[in-house]
Amino acid sequence: MMLPDKRGYFGDFGGRFAPETLMAVLEDLEKQYQALKKDKGFQKEFQFYLNEYAGRPTNLYFAKRLSSYLKRLKVYLKREDLLHTGAHKINNTLGQILVARRMGKTRIIAETGAGQHGVATATAAALFGLKCIVYMGALDVKRQSLNVFRMKLMGAEVIPVESGSKTLKDAMNEALRDWVTNVKDTFYIIGSVAGFHPYPVMVRDFQSVIGSEARQQFLKVEKKLPDYLVACVGGGSNSMGLFYPFYNDSKVKMIGVEAAGLGLHTGHHSATLNKGTVGVLHGSKSRLLQDNDGQIQIAHSIAAGLDYPGVGPEHSYYQASGRAEYVTITDKEAVEALKLLSRLEGIIPAMETSHAIAYLEKLAKRVKKTSSVIVCLSGRGDKDMNQISKFI
Amino acid sequence: MNRIEQKFKSLKAKNKKAFIAFVTAGDPGLRKTEEIILALEKAGVDIVEMGIPFSDPMADGPTIQASFLRALQKGVKVQNILDTVKRLRRKTELPIAFMMSYNLIFHYGQEQFIKACRAAGVDGLIVPDLPPEEAVDLRALAKRHDISMIFFVAPTTVEARIKANTKASTGFIYYLSLTGITGTQKAVSSSVVKHIQHIKRFTDKPVCAGFGISTPQQVKEISKAADGVIVGSAIVKVINQNKGNLPAVIKYVSFLVDALR
């Protein structure tokens, strides 16, 4: 069966838990998106901007020195970090802004954690001359000041959100409130495979270019499919983009890496799939970090882009069905991995991506014979240099 | 017939409109909420909406968000609020609806929650992030236990949804008097009146308007078409500014209620 179903459910997860004010626009978006999915002109336009503007296809790079360091793993890096703006987020924002244009919306809003989605949205908005407002938790504004500057340079207005934990979830709350207020002329570009139906499926489709390319590239070089896919999971867009095109390749094992923050036992983490329970947040049913009363808990990760107490519903489904496995990496392990990849390959990964890299050492110990793995190198680390300097 | 339905029936017989007051449960403290609700009844309020504090409300503006945060910082739990209603029921038959985010209900367990509402004396549920199509199970449970499920119609709601939502809604229909979040801008009475007249072509159920209503003029104008008027953020603000001081709250609410009579 094709998932999600008509109501936007992946098994028990997903749906459309939206305020009435947004129902009409969500129904309209769903209809338009279904049509655009089959519209050759739209797909051609999307592909044009991905290739000519964002720099696709990205390389699938065999990391020779990292592989020999890890011994039993043959590691291929899917270089989303080489894309314009420095992360996979641009795939999705280009797709959504083209949808927004077709729907005649003139004002673009977005939420951002690490600032990568905000930058990618500001970029796409500048490219098409649309007004852009980005909501960002006040704490993240501090952590990721370079990205704030980039967004402003491209003409976006960045609104620091002072409520709650002052991070990604609060930015999303505020963006939703903006959308409820300005729904007539505004398009909300959600940055992850989260939110109300059809966002999780739409973002997945736009990000699937990662996995589709990687699958072809790997087959061409290795004449077979990889044994493993590894990617970090915050909301889960880069991982779903990599995983989804391999869904039916049942021998390809998928591993999503969540942020264990200061440690799973400390309560200061973002390991939604490992430690969360089922609930409804930001429009869909999925796993959440919540307390005994159903209040949303504050997530923690050194990586602002993973610092989210929810996760895309399709990941909850992959976990429940056993299609993917979800593991965790601490802040400390991620920092070490960032240093390792920088030294061994001359590639500085984003703090988020470093979680995926860090898991490779554990995977290398798990495998019985030499195995191949594609890692989604979802973003570059330039944005993290300020924050990381104290660990070097 | 629960207390909400009875209230509208008796108001209709008297050709009167309902004044619905929203208060955040537990701001400033649940004992105070209890006193405020009893005082509101004396001030002529017909139905009380208790806002159940949630960490991440989607449709609420800064005033109600801040009140939720204050209540949560005091440690208010869903169970404590149900207990408060139970205590109130020894003293009043005022209809009470909970306005809350769906996650709190889902987390409590839908069936357990409906039963707990019934046992405590809650008459209705208003769940802004739960459209009727996601509420199939909850609606069936609520119906079985005679709890009203109040759904919304927004200025952006298309005709097919107006039909579906008014059909699904029990107790009354909540008309959103502005496209936006609670308490941040003023509802424009003339367009609200026009919209409500349109909605009434699809339903015989009471239609009440809320969001952005804070003045006697608005109450008066909107009640020309609506069967009830809901005031939220403005009351929450007065309660907070006066630290729950009853006479100040009553003075403000009476001022609004009088506009309806």
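Everything in this summary refers to the structure shown in the same document. Please read all numbers here as calculations on a predicted model, not as lab measurements.

## Topic: empty space enclosed by the protein
Throughout the structure, instances matching the rule amount to five cavities of 30 Å³ or more. In this structure, the largest cavity occupies an estimated 360 Å³ of space. Considering the residues around the largest cavity, the lining is formed by 33 residues, among which H88, K89, G305, L306 and E352 of chain A are closest to the centre. Those elements giving two or more residues to the lining of the largest cavity turn out to be β5 (107-112), α5 (116-128), α8 (168-182), α11 (237-243) and α15 (351-366) of chain A. Residue classes in the lining of the largest cavity are distributed as ten nonpolar, 18 polar and five charged. Empty space within the second largest cavity amounts to approximately 170 Å³. As for the second largest cavity, its lining consists of 17 residues, of which P57, M58, D60, S101 and P128 of chain B are closest to the centre. Residue composition of the lining of the second largest cavity, by class: twelve nonpolar, two polar and three charged.

## Comments concerning the packing of helix α4 (residues 89-102) of chain A against α5 of chain A
Residue and element names in this part refer to chain A. One can describe the packing of α4 onto α5 by two numbers: an axis separation of 9 Å at closest approach and a directional angle of 40 degrees. By the angle between their directions, the pair α4 and α5 is classed as oblique. For the crossing formed where α4 meets α5, the hand is right-handed. Mapping the contact onto sequence places K89, I90, N92, T93, L94, I97, L98 and R101 in α4 and Q116, H117, A120, T121, T123, A124, A125, L127 and F128 in α5. Per-class residue counts for the contact of α4 with α5 are nine nonpolar, six polar and two charged.

## A closer look at the environment of P309 of chain A
Residue and element names in this part refer to chain A. Mapping P309 onto the fold places it in the loop between β12 (284-288) and α13 (313-321). A relative accessible area of 1% places P309 in the buried class. Separated by 26 residues in the primary sequence, P309 and G283 have C-alpha atoms spaced 14 Å apart. Apart from the residues within four sequence positions on either side, P309 is in contact with K169, T272, L281, R287, L288, L289, I296, Q297 and A299.

## Notes on the interface of chain B and chain A
Contacts between the two partners involve 36 residues from chain B, matched on the other side by 40 residues from chain A. Among the residues chain B hides against chain A, the three largest losses belong to D56, M58 and E134 of chain B. Together they make up 23% of the total. Our count for the contact surface shared by chain B and chain A stands at four salt bridges. When the shortest N-O distance is used, the salt bridge between D56 of chain B and K169 of chain A registers 2.8 Å. Taken together, the links from chain B to chain A amount to 24 residue pairs in polar contact (both at pLDDT 80 or more). Those elements that place two or more of their residues in the side of chain B that touches chain A are α3 (62-73), α5 (102-108), β6 (152-153) and α8 (159-168) of chain B. Considering every element that reaches the side of chain B that touches chain A, the biggest residue donor is α5 of chain B, with five residues.

## Here we look at the sheet that holds strand β3 (residues 60-62) of chain A
All names here are of chain A. Here six strands make up an open sheet; going across it, the order is β3-β4-β14-β9-β10-β13 and the pairing mixed. Both outer strands of the open sheet, β3 and β13 (324-330), are each paired with one neighbouring strand and no more. For this sheet, the mean angle separating the axes of adjacent strands, direction not counted, is 30 degrees. Here three bridges tie β3 to strand β4 (residues 73-78), and the two strands are oriented antiparallel to one another. Note that in β4 the partner of L60 across the bridge is K78. Against the sheet, α13 engages β10 (253-261) and β13, with an angle of about 110 degrees to β13. Contacting β3, β4, β10 and β13, helix α14 (residues 331-345) runs over the sheet at an angle of about 90 degrees to β13.

Conventions and cut-offs
- Residues numbered from 1 in each chain as written.
- Chains lettered and ligands numbered in written order.
- Predicted model: local features only at pLDDT ≥ 70, side-chain atom pairs only at ≥ 80, totals over all residues.
- Heavy atoms only, no water.
- 1 Å grid on protein atoms, 1.4 Å probe; cavity = no way out; pocket = protein on both sides within 12 Å on 5 of 7 lines; lining within 4 Å.
- Points joined across faces, edges and corners; volume = space filled by probe spheres on them.
- Helix = DSSP H or I, 4+ residues; strand = E, 2+ residues; numbered from the N terminus.
- Nonpolar A, V, L, I, M, F, W, Y, C, P; charged D, E, K, R; others polar.
- Axes fitted to C-alpha atoms, helices over the stretch in contact; angles between N-to-C directions.
- Parallel < 35°, antiparallel > 145°, perpendicular 65-115°, else oblique.
- Left-handed = near helix turned anticlockwise from the far one by under 90°.
- Contact = heavy atoms within 4.5 Å.
- Buried < 20%, exposed > 50% of the residue type's maximum accessible area, 1.4 Å probe, protein only.
- Buried area = accessible area lost by both parts, 1.4 Å probe.
- Salt bridge = Lys/Arg side-chain N within 4 Å of Asp/Glu carboxyl O.
- Polar contact = N/O pair within 3.5 Å; in protein donor to acceptor, adjacent residues only side chain to side chain.
- Pairing = 2+ DSSP bridges.

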